[in-house]
There are 2 protein chains.
Amino acid sequence: MKIALDVMGTDYGPKELVLGAVMAVKEYDCEVVLVGDEVTIRDLLKKYDEDTNPKLSIRHASEVIGMKEHPGIAVKTKKDASIVVATDLLRNKQCDALVSSGSTGAAVAAALFHLGRIRGVGRPAIATPIPSLTGTTVLLDSGAKVDAKPEHLVQNAIMGSVYAELMLNIKNPRVGLLSIGEEEIKGNEQTLATFPLLKDEKLIHFIGNVEGRDINSGVVDVVVCDGFVGNVVLKTAEGLATAILTMVKEAIMGGGMMAKFGGMLITPALRGLKKRLNPDAYGGALLLGVRAPFFICHGSSRANAIKNAIGAAVDGVKRDICSRIAEDIAMQTKADKVVGSLR
Amino acid sequence: MKIALDVMGTDYGPKELVLGAVMAVKEYDCEVVLVGDEVTIRDLLKKYDEDTNPKLSIRHASEVIGMKEHPGIAVKTKKDASIVVATDLLRNKQCDALVSSGSTGAAVAAALFHLGRIRGVGRPAIATPIPSLTGTTVLLDSGAKVDAKPEHLVQNAIMGSVYAELMLNIKNPRVGLLSIGEEEIKGNEQTLATFPLLKDEKLIHFIGNVEGRDINSGVVDVVVCDGFVGNVVLKTAEGLATAILTMVKEAIMGGGMMAKFGGMLITPALRGLKKRLNPDAYGGALLLGVRAPFFICHGSSRANAIKNAIGAAVDGVKRDICSRIAEDIAMQTKADKVVGSLR
């Protein structure tokens, strides 16, 4: 099995990604094709003493798409950008899955234009796993399609259920529609129109509306929303978690000798919690609805997160998640009506 | 100055609200009119030995609107509901401000139908103060208008700026549009259309798009979004804060003797933090754009939160926030165009 890894365009440069690949081929039964500037990658492999490792190979790409470029335009004009070259490896079946941590927009655009959607899927969605009090919740869409139609949200629910079942090992996952009240009558135009469609969809276990406070509480497994709301929710959670931990630290450091001593004593226990809350453990988010497993990591991912993402990609290929999504989308209740409305 | 307090329809019953009023009239220079079931209120006042306090009076209302009722229908059919009666006291100038902690939807509907909007305001917005690393951020709208037009968001920015200046004492408050990237090109249809309008609006200090992670970080004072997104963001933050504190507690309790001892030592320091993060300190959210200060508290507010909300209501009246909003909306850049589009 071969995983394509786009090593360019990330916050900490290619070194973290190359190191992640080195770690991954030792842990998982896979090869990794490193896509990006050949000289840079070769130098890094030499530095890590891995330049002769047969499980690691290089595919040169002369261009990079930056975080601030317009994704659609950049993907169309930079034919030799690393994310485009890596995606072409997937399309030509030279690789089985892809891991990227550059611009999310560019990754989604490359997947759409160079890999293509699964037949019947209106728009791909980014599925992000989030730690909850009882395990893991998957939130989707977290940024692929900002102005989603109700029919897109139904497909998000179906794809998210497959993800929860195959990637998180949750049987009959509970699907909730993210809204502003439990009652069917509460929501905006989009969610009010989506609710009855989800209620009618036989492929999923729909439990009704859920609220922001339910995401981390363990009462729901798949949280469905559009890419705008999902992205705002994820970044709010990220910012708040950082703010709370900063405030806790400030309170302890400003609380006198005893508080400082207490802070030292609880540090080992909190280290375990930090690990539990660390998004790196999941490796990345999965772009659902395209023709091969396509993982999108945070731009600030370190080697360990990349290693875990490659592990998740190996799982995705083994469990054949894309075929299962294709089957479910084909079986979708009222499929004709849905495909019609998405044209 | 007289504050109308709707004591019905809350999670803990009228006793917390009556107690909050008793505390408030001792601390602030105001009278409170308790609106709700007369017998219940009189019994509670007797119990607190305050039945002869001239600063507390009762206005009987025979009906209550429950949390699960359809707000618009309930407000129209229950003419003697406490929130309707309390709102009528405002309209008839028998009271200067109102505090409620029953159904938010019913409060907004009562304000719209029985009090009315400030001239030129398209839709009222709920302004919620949120603790940040450097002070307080105000988020609006947090639930009054779910499907807002760009012109509504511009008015939210103007009204939020007045709130930040008068209620939070922030000079020239920084206004950010909640979106999914800093760049002007990032967002959904709604925010992309709103950005240039905010950029052109001379009454506000617009700093561009902000993301979820900026809400608590102290880089922005007024965060503008529609009522759906704002409500989801607030409830996500509420749920995450609870989840993190639960996880911290679990980690400490499951971390052995030393961790437990450490937990005891940091408790006093964390108590201060809890106070800082406690939404009760702000008392409640303010419905901006209606003709008098109208505060909406959480359904689970205790006496202290109600007391603080009454204090905020007194401030709102003293600082004449509604007149200032009326002035700013009248001066709004391209006012004609805006009012036209809101008809």
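Summarised in this report is the structure supplied together with it. Remember, predicted model here, so these are calculated numbers, not experimental data.

Let us now look at the sheet that holds strand β5 (residues 125–131) of chain B. Two modes of strand pairing occur in sheets, parallel and antiparallel, and in both the strands are linked by backbone hydrogen bonds. Residues and elements named next belong to chain B. In space, the eleven strands of this open sheet follow the order β3-β2-β1-β4-β11-β10-β5-β6-β9-β7-β8, with mixed pairing throughout. Strands with a single pairing partner mark the edges of an open sheet, and in this sheet they are β3 (56–60) and β8 (205–210). Adjacent strand axes in the sheet meet at a mean angle of 25° when their direction is disregarded. Pairing analysis gives four bridges linking β5 to strand β6 (residues 136–140), with the strands arranged antiparallel. Across the sheet, Pro131 pairs through a bridge with Thr136, a residue of β6.

Another aspect to go through is the relation of the copies chain A and chain B. Screw-axis analysis of chain A against chain B gives a translation of 0.0 Å along the axis, an RMSD of 0.0 Å, and a rotation angle of 180°. When the rotation and shift are considered jointly, the pair of chain copies conforms to a two-fold rotation axis. Among all residues of chain A, the minimum C-alpha distance to the rotation axis is found for Gly262(A), at 1.8 Å. The residues that chain A uses at the interface reappear at the interface of chain B in 100% of cases, marking a shared surface.

The subject of this paragraph is the side chain of His114(B). All names here are of chain B. Position of His114 among the secondary structure elements: in helix α5 (residues 104–115). Taking the relative accessible area as the measure of exposure, His114 reaches 14% and is therefore buried. For His114, the side chain forms a polar contact with the side chain of Asp88, separated by 3.1 Å. With residues up to four places along the chain from it excluded, the contact list for His114 reads Val75, Val84, Thr87, Asp88 and Arg91.

Here we come to the packing of helix α1 (residues 14–27) of chain A against helix α10 (residues 303–318) of chain A. All names here are of chain A. Contact geometry for α1 and α10: axes closest at 7 Å, N-to-C directions at 45°. Considered as vectors, α1 and α10 are oriented oblique to each other. Crossing handedness for the pair α1 and α10: right-handed. The residues of α10 that touch α1, namely those facing Glu16, Leu17, Leu19, Gly20, Ala21, Met23, Ala24 and Glu27, are Ala303, Asn304, Ile306, Lys307 and Ile310. Its residues assigned to classes, the contact of α1 with α10 shows eight nonpolar, two polar and three charged.

All names here are of chain A. Strand order in the open sheet formed by eleven strands is β3-β2-β1-β4-β11-β10-β5-β6-β9-β7-β8, and the pairing between neighbours is mixed. The outermost strands of the open sheet, each flanked by one partner alone, are β3 (56–60) and β8 (205–210). Each strand of the sheet is rotated relative to its neighbour by a mean of 25°, with strand direction disregarded.

Following Leu140(A), the chain continues to Asp141(A) via a peptide bond in cis, the omega torsion being 10°. Checked against the element boundaries, Asp141(A) lands in the loop between β6 (136–140) and α6 (150–167).

Right, let's talk about helix α8 (residues 227–253) of chain A for a bit. The terminal C-alpha atoms of α8(A), which comprises 27 residues, lie 39 Å apart, in line with the 39 Å expected from a rise of 1.5 Å per residue. The N-terminus of α8(A) is capped by Asp226(A), whose side-chain oxygen sits 2.9 Å from the backbone nitrogen of Phe228(A).

Let us now look at the environment of Lys171(B). All names here are of chain B. One can find Lys171 in the loop between α6 (150–167) and β7 (174–178). Owing to a relative accessible area of 74%, Lys171 belongs among the exposed residues under this scheme. With 50 residues separating them along the chain, Lys171 and Asp221 place their C-alpha atoms 10.0 Å apart.

To continue, consider the packing of aromatic side chains. Throughout the structure, instances matching the rule amount to two aromatic pairs over all chains. Between the aromatic rings of Phe195(A) and Phe206(A), the centroid separation amounts to 5.2 Å while the plane-to-plane angle is 75°, which identifies the pairing as edge-to-face. Residue Phe195(A) is found in helix α7 (residues 189–200), and its partner Phe206(A) is found in strand β8; the two are separated by eleven residues along the sequence. Each member of the pair, Phe195(A) as well as Phe206(A), carries the same accessibility label: buried. Seen from the ring of Tyr12(A), Arg302(A) lies directly overhead, with NZ or CZ sitting 3.5 Å from the centre. A cation over an aromatic ring shows up here: Lys76(B) above the ring of Phe113(B), its NZ or CZ 4.6 Å from the ring centre.

Across all of its chains, the model carries 32 salt bridges over all chains by this definition. The salt bridge partner of Arg91(B) is Asp88(B), with a shortest N-O separation of 3.4 Å. Here Arg91(B) and its partner Asp88(B) are both found in helix α4 (residues 82–91), three residues apart, which amounts to about one turn of the helix. Judged by its relative accessible area of 44%, Arg91(B) falls in the partly exposed class. Its salt-bridge partner being Lys199(B), residue Glu184(B) comes within 3.1 Å of it at the nearest N-O pair. Remark: Lys199(B) occurs in helix α7 (residues 189–200) and Glu184(B) occurs in the loop between β7 and α7; sequence separation between them is 15 residues. Connected via shared salt-bridge partners are Glu211(A), Arg213(A), Lys235(B) and Glu238(B).

Bringing the interface of chain A and chain B into the picture now. Of the residues lining the interface, 56 residues belong to chain A; the matching set on chain B comes to 56 residues. Of the roughly 5,100 Å² buried at the junction of chain A and chain B (both faces included), carbon and sulfur atoms supply 74%. Put simply, chain A and chain B have six salt bridges between them. Remark: the boundary between chain A and chain B carries ten residue pairs in polar contact (both at pLDDT 80 or more). The set of elements that each furnish at least two residues to the side of chain A that touches chain B consists of α7, α8 and α9 (256–277) of chain A.

Calculation criteria
- Within each chain, residue numbers correspond to sequence positions counted from 1 in written order.
- Just so you know, chain letters begin at A and ligand numbers begin at 1, following the order they were written in.
- Residues qualify for local features only when their pLDDT is at least 70, as the model is predicted, and side-chain atom pairs are given and counted only at 80 or more; totals for whole chains, interfaces and linings, by contrast, use all residues.
- Hydrogens are left out, water is left out, and the side-chain values use all remaining heavy atoms of the structure.
- Should DSSP find at least two bridges between two strands, the strands are taken to pair.
- Numbered from the N terminus, helices here are DSSP runs of H or I no shorter than four residues, and strands are runs of E no shorter than two.
- Interaxial angles span 0 to 180 degrees and are taken between N-to-C directions of axes, which are lines fitted to C-alpha atoms, for helices over the stretch in contact.
- Each copy is superposed on the other by least squares, with the fit set by C-alpha atoms of residues at a pLDDT of at least 70 in both.
- Every residue pair with non-hydrogen atoms within 4.5 Å of one another is taken to be in contact.
- Categorising residues by exposure relies on relative accessible area from a 1.4 Å probe, with only protein chains included: less than 20% of the type maximum marks a residue as buried, more than 50% marks it as exposed, and the intermediate range marks it as partly exposed.
- Counted as a polar contact is a pair of N or O atoms within 3.5 Å, where, for protein atoms, one must be capable of donating a hydrogen and the other of accepting one, and residues adjacent in sequence contribute only when both atoms are in side chains.
- When an angle is under 35 degrees it counts as roughly parallel; over 145 it counts as roughly antiparallel; between 65 and 115 it counts as roughly perpendicular; any other value is oblique.
- Note on convention: near helix rotated counterclockwise from far helix by under a right angle means a left-handed crossing. Clockwise means right-handed.
- Amino acids outside the nonpolar list (Ala, Val, Leu, Ile, Met, Phe, Trp, Tyr, Cys, Pro) and the charged list (Asp, Glu, Lys, Arg) are all regarded as polar, and Gly is one of them.
- Every helix has an expected span of 1.5 Å times one less than the residues it contains.
- In this analysis, rings of Phe, Tyr and Trp, with Trp reduced to its six-membered ring, are considered paired at centre separations within 6.5 Å, and the interplanar angle assigns stacked below 30 degrees, edge-to-face beyond 60, and tilted for intermediate values.
- Our definition puts a charge over a ring when NZ of Lys or CZ of Arg is within 6 Å of the ring centre and also within 35 degrees of the ring normal.
- In the sections that follow, a salt bridge refers to a side-chain nitrogen of Lys or Arg positioned within 4 Å of a carboxyl oxygen of Asp or Glu.
- When two components associate, each loses some accessible surface as probed by a 1.4 Å sphere; the sum of these losses over both components is called the buried area.

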